[in-house]
Amino acid sequence: MDEIYPATYSVDYPDRELDRVSSFFRLFTVIPIAIVLAAVSGGNYAYYGRHFTAAFETAGGVLFFATLLMILFRGKYPRWWFDWNRELLRFTYRVGAYFALQSDEYPSTDEEQYVHLQIEYPDVENDLSRGMVLIKWFLAIPHYFVLLFLAIGAFFVVIYAWFAILFTGRYPRGAFNYVVGVDRWSVRVIAYAFILTTDKYPPFSLE
């Protein structure tokens, strides 16, 4: 691409053999950090027992609707809202990269580690059109369909990589780049349609 998109994503390729045991049990080792991620990603859960009711409330997840209203009516994007959205995405993609076997290093809740996700903070008055926030989710529909098929492909690529790691200790470079490319594509779509940091339409590209 001639111009860098205002949302970038990359993952460090492991320059050593990956741990076969950790990779074999990845579906189980990811569970604790996945629970933490679910707890900060939004939702309400309730259990209605025979003698008592227990309710659990998590944090709010990505701030979409509030950001939409603030941009639309005030022409502002509060910095701490942006920081929350960016850091939640970074955490989410660290967990995803770990689950996809791209590293043995357990995901941190706050350190960058091997996943590099950058999103430019927007100058709302100069970079964003207020009215666009109402339709960007709709304009991104073609990407949703493409990403669905790409994600299905990534699922099978990760299975292939799992077997490759078990037998060789290495993540095939082509498979690694494909999974990173799918995630990179999704980061751009999220930045455009859901955290509303750019009006630049995402490219149909894995690069």
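Preceding this section is the structure that the text describes.
The shown structure was predicted, so the numbers you read here are calculated from the model rather than taken from an experiment. Numbering of residues starts from 1 in each chain and follows the order in which that chain's sequence is written. At least 70 in pLDDT is required for a residue's local features to be given in this predicted model, at least 80 for side-chain atom pairs to be given and counted, and no such filter applies to totals for whole chains, interfaces and linings, which use all residues. Heavy atoms throughout the structure, all of them, feed into the side-chain values; hydrogens and water do not.

Before going further, it helps to spend a moment on empty space enclosed by the protein. Within this scheme a cavity is a closed region of a 1 Å grid, computed over the protein atoms alone, that accommodates a 1.4 Å probe without allowing it to escape, whereas a pocket is open but has protein on both sides within 12 Å along at least five of seven lines; lining residues each have an atom within 4 Å of a point. Grid points are joined across faces, edges and corners, and a volume is the space filled by probe spheres set on the points. With the rule as written, the count across this model stands at 1 cavity of 30 Å³ or more. The volume enclosed by the largest cavity comes to roughly 30 Å³. Think of it this way: any DSSP run of H or I at least four residues long counts as a helix, any run of E at least two long counts as a strand, and we number them from the N terminus. Looking at which element gives the most residues to the lining of the largest cavity, the answer is strand β4 (residues 115–119), with 3 residues. Polarity classes work like this: nonpolar for Ala, Val, Leu, Ile, Met, Phe, Trp, Tyr, Cys and Pro, charged for Asp, Glu, Lys and Arg, and polar for all others, with Gly in that last group. Partitioning the lining of the largest cavity into residue classes produces 2 nonpolar, 1 polar and 3 charged.

Residues Val21, Phe24, Phe25, Leu27, Phe28, Ile31, Ile35 and Phe99 make up a contiguous nonpolar surface patch of roughly 820 Å² in combined accessible area. If you list the elements that add at least two residues to the nonpolar patch, you get α1 (20–24), α2 (26–29) and α3 (31–40). Examined against the element boundaries, Ile35 turns out to sit in helix α3. Judged by relative accessible area, Ile35 falls into the exposed class, the value being 54%. Nonpolar side chains (Val, Leu, Ile, Met, Phe, Trp, Tyr) are joined into patches within 5 Å and like charges within 9 Å, using only residues with over 30% relative accessible area and no salt bridge. Surface accessibility in these figures is a Shrake-Rupley result with a 1.4 Å probe; residues are shielded only by whichever protein chains are displayed. Any Lys or Arg side-chain nitrogen found within 4 Å of a carboxyl oxygen on Asp or Glu counts as a salt bridge. Here's how the labels work: a residue is buried when its accessible area is under 20% of the maximum for its type, exposed when over 50%, partly exposed in between, all with a 1.4 Å probe on protein chains only.

Our focus in this paragraph is the packing of aromatic side chains. Aromatic pairs are defined between Phe, Tyr and Trp rings, using the six-membered ring for Trp, whenever the two ring centres lie within 6.5 Å; interplanar angles under 30 degrees are classed as stacked, those over 60 as edge-to-face, and all others as tilted. Summed over the entire model, instances satisfying the criterion amount to 18 aromatic pairs. Residues Phe24 and Trp162 carry aromatic rings whose centres are separated by 5.6 Å and whose planes lie at 25° to one another, so their mutual orientation is stacked. Of this pair, Phe24 sits in helix α1 while Trp162 sits in helix α8 (residues 141–168), and the two are 138 residues apart along the sequence. Here Phe24 falls in the partly exposed class, since its relative accessible area comes to 42%. Seen in terms of ring centroids, Trp162 and Phe163 are 4.9 Å apart; in terms of plane orientation they differ by 80°. Their pairing is edge-to-face. Here Trp162 falls in the partly exposed class, since its relative accessible area comes to 22%. Relative accessible area serves as the criterion here: at 42%, Phe163 is assigned to the partly exposed category. Sitting over the ring of Tyr98, Arg26 keeps its end group 4.0 Å from the ring centre. Counting as a charge over the ring demands two things of the Lys NZ or Arg CZ atom: a distance within 6 Å of the ring centre and an angle within 35 degrees of the ring normal.

A word on the nonpolar core. Within this scheme, the nonpolar core is defined by two criteria: the residues are buried Ala, Val, Leu, Ile, Met, Phe, Trp, Tyr or Cys, and they are joined through side-chain atoms within 4.5 Å. Judged by nonpolar contacts, the single largest core of 53 residues is most densely connected at Tyr9, Tyr93 and Tyr171. If one sorts the elements of this core by residue count, helix α9 (residues 173–193) sits on top with 12 residues. Contacts are assigned to residue pairs with any non-hydrogen atoms lying within 4.5 Å of each other. Every residue in contact with Tyr171, bar those within four places of it in the chain, is listed here: Tyr13, Leu18, Ala100, Leu101, Gln102, Val158, Ala161, Ile165, Phe176 and Val179.

Remember that side chains alternate between the two faces of the sheet whenever the strand is regular. Burial of the side chains of β4 is restricted to one face: Val115, Leu117 and Ile119 are buried, whereas none of His116 and Gln118 on the reverse face is. Here 5 bridges tie strand β1 (residues 7–11) to β4, and the two strands are oriented antiparallel to one another. Its bridge partner being in β4, Thr8 is matched across the sheet by Gln118. Following DSSP output, two strands are said to pair if at least two bridges run between them.

Another aspect to go through is the environment of His143. For His143, the location among the structural elements is in helix α8. Sequence separation between His143 and Val189 is 46 residues; the distance between their C-alpha atoms is 7.3 Å. In this structure, His143 is in contact with Trp185, Val189, Tyr201, Pro202, Pro203 and Phe204, ignoring residues within four places of it in sequence.

Before going further, it helps to examine the packing of α8 against α9. Taken N-terminus to C-terminus, the directions of α8 and α9 make an angle of 150°; their axes are 9 Å apart at the nearest point. Between α8 and α9, the interaxial angle falls into the category roughly antiparallel. Once α8 is placed against α9, the crossing between them reads as left-handed. Every residue of α9 that contacts α8 at His143, Tyr144, Val146, Leu147, Leu150, Ala151, Gly153, Ala154, Val157, Val158 and Tyr160 is listed here: Ala175, Tyr178, Val179, Val182, Trp185, Ser186, Val189 and Ala193. In terms of residue class, the contact of α8 with α9 is built from 16 nonpolar, 3 polar and no charged. Comment: axis = line fitted to C-alpha atoms, over the contacting stretch for helices; angle = value between 0 and 180 degrees taken between N-to-C directions. Each angle is binned into one of four classes, with values under 35 degrees roughly parallel, values over 145 roughly antiparallel, values of 65 to 115 roughly perpendicular, and all other values oblique. By definition, any crossing whose near helix is turned counterclockwise from its far helix by less than a right angle is left-handed, and any crossing with a clockwise turn is right-handed.

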